[in-house]
Amino acid sequence: MFFVFTGLSASFVSSGHPGVKFVLIGLLFGMLGDIWLDLKVTYAHDGKPWLYSGFVSFMLGHLFYIIAIIRISQMNFFFVLFSLILGILLGYLAISLEKVMKLQYGPYKKVSLIYVSLLLCTSMTAFLACFQTNFKNTTLLLFFLGSLFFLASDSILSATYFGTKRKEAPAWIILNHVTYYAAQYLIASSLLFL
């Protein structure tokens, strides 16, 4: 929840910018995703609906982050199209390497593909927005750094949820939380610089 309050506080500084509402909505979906995944643990005997709900919330959050990046950077259409195509292709590649990465998605393979594609689209869009602005826009740089922390966090989470040798040691769980909250905090605080 801290990252949502950070975003709300930062939004008062840049409340007139058209990208603010999309970042805030993305943060709210992130908070909802956290709640659903916590319920997955609470109701471990039937965690499947909670995991799907978490996936959907985080997918929507990344979709709103992508829209925010496009609005903030006023990204040209070619870069938007390129980042979406590349994100989808890299998503397919990541999922197709399931065995190489010692993962087993099982019934979550399709939703994982959609999520990974959106996650990679967020990173690609943020990178291209930074490129388009000559890496001089602090908001976009923080967004891009946040997206890299998301990639790290979700890589750890994939190993925890879908790894053939699950990594549930406290150190992995702590590292997952640190990288996840760093991602959300960087994105939320990016609003200070609009």
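S.K.: What exactly am I supposed to notice about the packing of aromatic side chains here?
M.R.: The geometry of an aromatic ring pair is captured by the separation of the ring centres together with the interplanar angle, meaning the angle of the planes. A complete count under the given rule lists 23 aromatic pairs for this structure. On the numbers, 6.0 Å between centres and 65° between planes, the contact of Phe55 with Tyr115 is edge-to-face. Residue Phe55 is located in helix α3 (residues 48–73), and its partner Tyr115 is located in helix α5 (residues 109–132); the two are separated by 60 residues in the primary sequence. For Phe55, a relative accessible area of 10% translates into the label buried.

S.K.: What exactly am I supposed to notice about helix α7 (residues 170–189) here?
M.R.: Count 3.6 residues to each turn of an α-helix, and residues three or four apart come out pointing the same way. Taking 1.5 Å per residue as the helical rise, α7 with its 20 residues ought to reach 28 Å, and the 28 Å between its terminal C-alpha atoms agrees with that figure. All of the buried residues in α7 are Asn176, Thr179, Tyr180, Ala183, Gln184, Leu186, Ile187, Ala188 and Ser189. Residues of α7 that are buried sit in contact with α1 (2–11), α2 (20–42), α3 and α6 (138–162).

S.K.: Sorry if this is basic, but what is going on with the side chain of Ser117 here?
M.R.: Assignment of secondary structure puts Ser117 in helix α5. For Ser117, a relative accessible area of 7% puts it in the buried group. Those residues in contact with Ser117 that sit more than four places away from it in its chain are Gly87, Ile88, Gly91 and Tyr92.

S.K.: Help me understand unusual backbone geometry, please; the structure alone is not making it clear to me.
M.R.: With the exception of glycine, most residues fall at negative phi, and the peptide bonds are largely trans. Even without glycine at this site, Gln74 takes up a positive phi of about 55°. Within the secondary structure layout, Gln74 lies in the loop between α3 and α4 (77–96). Its identity is not glycine, yet Phe135 carries a phi of approximately 55°, on the positive side. Counting through the fold element by element, Phe135 comes out in the loop between α5 and α6.

S.K.: Please explain the nonpolar core as it appears in this structure.
M.R.: Among soluble globular proteins, nonpolar side chains are generally buried collectively. Within the largest apolar cluster, 50 residues are counted, with the highest numbers of intra-cluster contacts made by Val23, Leu27, Phe55, Phe143, Phe150 and Phe162. Elements represented by at least two residues in this core include exactly α1, α2, α3, α4, α5, α6 and α7. Broken down by element, the residue count for this core peaks at 12 residues, all from α5.

S.K.: Would you mind showing me how to read the side chain of Ser11 here?
M.R.: Tracing the backbone through its elements, the reader meets Ser11 in helix α1. There is a polar contact of 2.6 Å between the side chain of Ser11 and the backbone oxygen of Leu8. Setting aside chain neighbours within four positions, we find Ser11 in contact with Val20, Leu24 and Leu191.

S.K.: Just to check I follow, could you spell out a nonpolar patch on the surface for this structure?
M.R.: Together, Leu90, Leu93, Leu97, Val100 and Met101 give the surface a local cluster of nonpolar side chains, amounting to about 420 Å² of exposed area. Here Leu93 shows up in helix α4. The partly exposed category is assigned to Leu93, whose relative accessible area is 46%.

Cut-offs and rules
Residues numbered from 1 in each chain as written. Predicted model: local features only at pLDDT ≥ 70, side-chain atom pairs only at ≥ 80, totals over all residues. Heavy atoms only, no water. Phe/Tyr/Trp six-rings, centres within 6.5 Å; stacked < 30°, edge-to-face > 60°. Helix = DSSP H or I, 4+ residues; strand = E, 2+ residues; numbered from the N terminus. Buried < 20%, exposed > 50% of the residue type's maximum accessible area, 1.4 Å probe, protein only. Expected span 1.5 Å × (residues − 1). Contact = heavy atoms within 4.5 Å. Core = buried A, V, L, I, M, F, W, Y, C linked by side-chain atoms within 4.5 Å. Polar contact = N/O pair within 3.5 Å; in protein donor to acceptor, adjacent residues only side chain to side chain. Patch = residues over 30% accessible without salt bridge, like charges linked within 9 Å, V, L, I, M, F, W, Y side chains within 5 Å. Areas by Shrake-Rupley, 256 points an atom, 1.4 Å probe, with all protein chains shown as cover. Salt bridge = Lys/Arg side-chain N within 4 Å of Asp/Glu carboxyl O.

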